[in-house]
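The lines below spell out each chain.
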Amino acid sequence: MRRKLVGTYFTSGIAAFYLSLACCSPLPLFAQEASSPVKNPHYNAAVSSLELKDLEGAMKAINQAIRVDPSLAEAYTLRGVLLMGDKKFQEANEDFSQVTVLQPQNAEAYTKLTKSQLMLKDYQAALESATKATELDPQNQDAELLKRLAQSLVESSQ
């Protein structure tokens, strides 16, 4: 019964992740801080490429945007989402981790990091990230679901 419950949580978490990818616009996801994606022509080119469903062109442009401005959190977020779509979970995890460094008060950054950690089966790290996300935004239902999922997976792996 316990395994079935964990499987249900895991399936729900994965479904929530892919739903969040489908529902999210590639436009800036965070409040603008030090760097502005609007001022980065490569970031804008990546968004335009995504609108044309040119994922390869978007990835090239977003990589260039990061080279030009390594403090552009939105670029790491966008690249992380693209990498998750390509099932490059370790690389996505690195990008989402960088976003939490650049924007440590951004709950959504920790939520995305949690998702990549779950895909890497790093359940303890996922629990820590989800907990941080819920501390930053107690109303974030996605983070709360991911926290419960990660807690269940940690418990079942012990």
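Predicted, not measured: the structure shown is a model, and the values here were computed from it.

Draft legend 1. Expanded view of the overall build of the protein. The helix and strand inventory of the protein stands at 8 helices and 0 strands. Secondary structure elements of the protein occur, N-terminal to C-terminal, as α-α-α-α-α-α-α-α. Counting over 158 residues, the protein shows a buried share of 47%. In the protein, once contacts between residues fewer than 6 apart in sequence are set aside, the share between residues at least 24 apart is 58%. Total accessible area computed for the protein in this model is approximately 8400 Å², and 54% of it derives from carbon and sulfur atoms.

Draft legend 2. Local environment of the packing of helix H3 (residues 55–68) against helix H4 (residues 73–85). Running from N to C, H3 and H4 point in directions that differ by 145 degrees, and their axes come no closer than 10 Å. Read as a crossing pair, H3 and H4 show a hand that is left-handed. For the pair formed by H3 and H4, the contact residues are Leu55, Ala58, Met59, Ile62, Asn63 and Ile66 on the first element and Ala75, Tyr76, Leu78, Arg79, Leu82 and Leu83 on the second. Looking at the contact of H3 with H4 residue by residue, the class counts come to 10 nonpolar, 1 polar and 1 charged.

Draft legend 3. Broad picture of the pattern of salt bridges. According to the stated counting rule, one finds 5 salt bridges in the structure shown. With its nearest N and O atoms 2.6 Å apart, the salt bridge here joins Asp95 to Arg79. Here Arg79 lies in helix H4 and Asp95 lies in helix H5 (residues 89–102), a separation of 16 residues in the sequence. Pair check on accessibility: Asp95 and Arg79 agree, each one buried. A salt bridge links Lys112 to Glu108; the nearest nitrogen and oxygen atoms lie 3.4 Å apart. Taken together, the residues Lys112 and Glu108, both in helix H6 (residues 107–119) and 4 residues apart, mark about one turn of the helix. Under the relative-accessibility criterion, Lys112 is labelled buried at 6%.

Draft legend 4. Representation of the nonpolar core. If you look at the biggest cluster of nonpolar residues, it comprises 24 residues, and the most contacted ones within it are Tyr43, Ile62, Ala75 and Leu78. Considering each element in turn, this core owes the most residues, 7 residues, to H4. Counting 10 residues, the second largest nonpolar core, distinct from the first, contains Ala130, Leu149, Ala150 and Leu153.

Draft legend 5. Layout of the packing of H6 against helix H7 (residues 123–136). Packing of H6 against H7 brings their axes to within 8 Å, and their N-to-C directions diverge by 160 degrees. Here H7 runs roughly antiparallel to H6, going by the angle between their axes. Here H6 and H7 pass one another in a crossing that is left-handed. Contacts between H6 and H7 pair Ala107, Tyr110, Thr111, Leu113, Thr114, Gln117 and Leu118 from the former with Tyr123, Ala125, Ala126, Ser129, Ala130, Lys132, Ala133 and Leu136 from the latter. Residue composition of the contact of H6 with H7, grouped by class: 10 nonpolar, 4 polar and 1 charged.

Draft legend 6. The confidence of the model for the protein, seen in detail. Across the protein, pLDDT averages 83, with 76% of residues at or above 70. Contacts for the low-pLDDT stretch residues 1–33, under 50 throughout, to residues beyond four places or in other chains number 52 contacts.

What counts, and at which threshold
Residues numbered from 1 in each chain as written. Predicted model: local features only at pLDDT ≥ 70, side-chain atom pairs only at ≥ 80, totals over all residues. Heavy atoms only, no water. Helix = DSSP H or I, 4+ residues; strand = E, 2+ residues; numbered from the N terminus. Buried < 20%, exposed > 50% of the residue type's maximum accessible area, 1.4 Å probe, protein only. Contact = heavy atoms within 4.5 Å. Areas by Shrake-Rupley, 256 points an atom, 1.4 Å probe, with all protein chains shown as cover. Axes fitted to C-alpha atoms, helices over the stretch in contact; angles between N-to-C directions. Left-handed = near helix turned anticlockwise from the far one by under 90°. Nonpolar A, V, L, I, M, F, W, Y, C, P; charged D, E, K, R; others polar. Salt bridge = Lys/Arg side-chain N within 4 Å of Asp/Glu carboxyl O. Core = buried A, V, L, I, M, F, W, Y, C linked by side-chain atoms within 4.5 Å. Parallel < 35°, antiparallel > 145°, perpendicular 65-115°, else oblique. pLDDT = per-residue confidence, 0-100.

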